[in-house]
Amino acid sequence: VLLYKLCKSGIHPESRMYKIIESMYSKSKSCLKLQNGITDSFDTHIGVLQGSVLSTFLFNHFIDDLNEVLPSSCGITFNDVKFNHLLWVDALSI
């Protein structure tokens, strides 16, 4: 979905930027650090890469249109202000 949104925003699939991002995410792997060691690596298919300098840009680009697609009817009201979602640099709360 991220690559689709990049194309939709005008980043051409043959561009250098697109190819770098595609390469970074096509075979990404993760592992977990636990109390007794580190797990075997596993494929990751969702999210942005931790520690990447592009992660903030990619996350913000990905969620940029959420205001348009989230229903305004859900959420909470605080001091007569309706909140239906909160955004941080690298997280989202719905």
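Up top is the structure these notes are about.
Notes on the structure follow. Here the structure is a predicted model, which means the values were calculated and not measured.

Tallied over the entire structure, the rule returns zero aromatic pairs. It is lysine 5 that lies over the ring of phenylalanine 62; its NZ or CZ is 4.8 Å from the centre.

Here we take up the layout of surface pockets. What the largest pocket holds in volume is close to 490 Å³. Lining the largest pocket are 19 residues, and of these Tyr25, His45, Ile46, Gly47 and Val48 lie nearest its centre. Those elements that place two or more of their residues in the lining of the largest pocket are helix H1 (2-8), helix H2 (16-26), strand S1 (29-30) and helix H3 (55-63). A breakdown of the residues in the lining of the largest pocket according to their chemical character gives 10 nonpolar, seven polar and two charged.

Moving on, we come to a nonpolar patch on the surface. A cluster of nonpolar side chains, Ile76, Phe78, Val81 and Phe83, forms an exposed patch at the surface whose accessible area comes to about 390 Å². Of all elements in the fold, only strand S5 (76-78) and strand S6 (81-83) reach the threshold of two or more residues within the nonpolar patch. Its location among the elements puts isoleucine 76 in strand S5. Note on isoleucine 76: relative accessible area 57%, which makes it exposed.

Counting seven residues, the largest nonpolar core consists of Leu2, Leu6, Ile11, Tyr18, Ile21, Tyr25 and Leu58. Top contributing element to this core by residue count: H2, with three residues. Discounting residues that sit within four places of it in the chain, leucine 2 has contacts with Leu58 and Phe62.

Now for the side chain of serine 55. Note that serine 55 resides in helix H3. Judged by relative accessible area, serine 55 falls into the buried class, the value being 8%. Here the side chain of serine 55 touches leucine 49 through a polar contact of 2.3 Å, landing on its backbone oxygen. The residues touching serine 55, leaving out its near neighbours within four places in the chain, are Tyr25, Val48 and Leu49.

What the rule picks out here adds up to two salt bridges. Ionic pairing is found between glutamate 14 and lysine 19, a salt bridge with its closest N-O pair at 3.5 Å.

So, about the environment of glutamate 22. Structurally, glutamate 22 can be placed in helix H2. Taking the C-alpha atoms as reference points, glutamate 22 and phenylalanine 42, 20 residues apart in sequence, are found 18 Å from one another.

With respect to the element layout, serine 30 can be found in strand S1. Serine 30 gets classed as partly exposed once you look at its relative accessible area, which sits at 27%. Sequence separation between serine 30 and isoleucine 76 is 46 residues, and the spatial gap between their C-alpha atoms is 35 Å. Excluding residues within four positions of it along the chain, serine 30 makes contact with Asp40, Ser41, Phe42 and Thr44.

The rules we used
- Residues numbered from 1 in each chain as written.
- Predicted model: local features only at pLDDT ≥ 70, side-chain atom pairs only at ≥ 80, totals over all residues.
- Heavy atoms only, no water.
- Phe/Tyr/Trp six-rings, centres within 6.5 Å; stacked < 30°, edge-to-face > 60°.
- Lys NZ or Arg CZ within 6 Å of the ring centre and 35° of its normal.
- 1 Å grid on protein atoms, 1.4 Å probe; cavity = no way out; pocket = protein on both sides within 12 Å on 5 of 7 lines; lining within 4 Å.
- Points joined across faces, edges and corners; volume = space filled by probe spheres on them.
- Helix = DSSP H or I, 4+ residues; strand = E, 2+ residues; numbered from the N terminus.
- Nonpolar A, V, L, I, M, F, W, Y, C, P; charged D, E, K, R; others polar.
- Patch = residues over 30% accessible without salt bridge, like charges linked within 9 Å, V, L, I, M, F, W, Y side chains within 5 Å.
- Areas by Shrake-Rupley, 256 points an atom, 1.4 Å probe, with all protein chains shown as cover.
- Salt bridge = Lys/Arg side-chain N within 4 Å of Asp/Glu carboxyl O.
- Buried < 20%, exposed > 50% of the residue type's maximum accessible area, 1.4 Å probe, protein only.
- Core = buried A, V, L, I, M, F, W, Y, C linked by side-chain atoms within 4.5 Å.
- Contact = heavy atoms within 4.5 Å.
- Polar contact = N/O pair within 3.5 Å; in protein donor to acceptor, adjacent residues only side chain to side chain.

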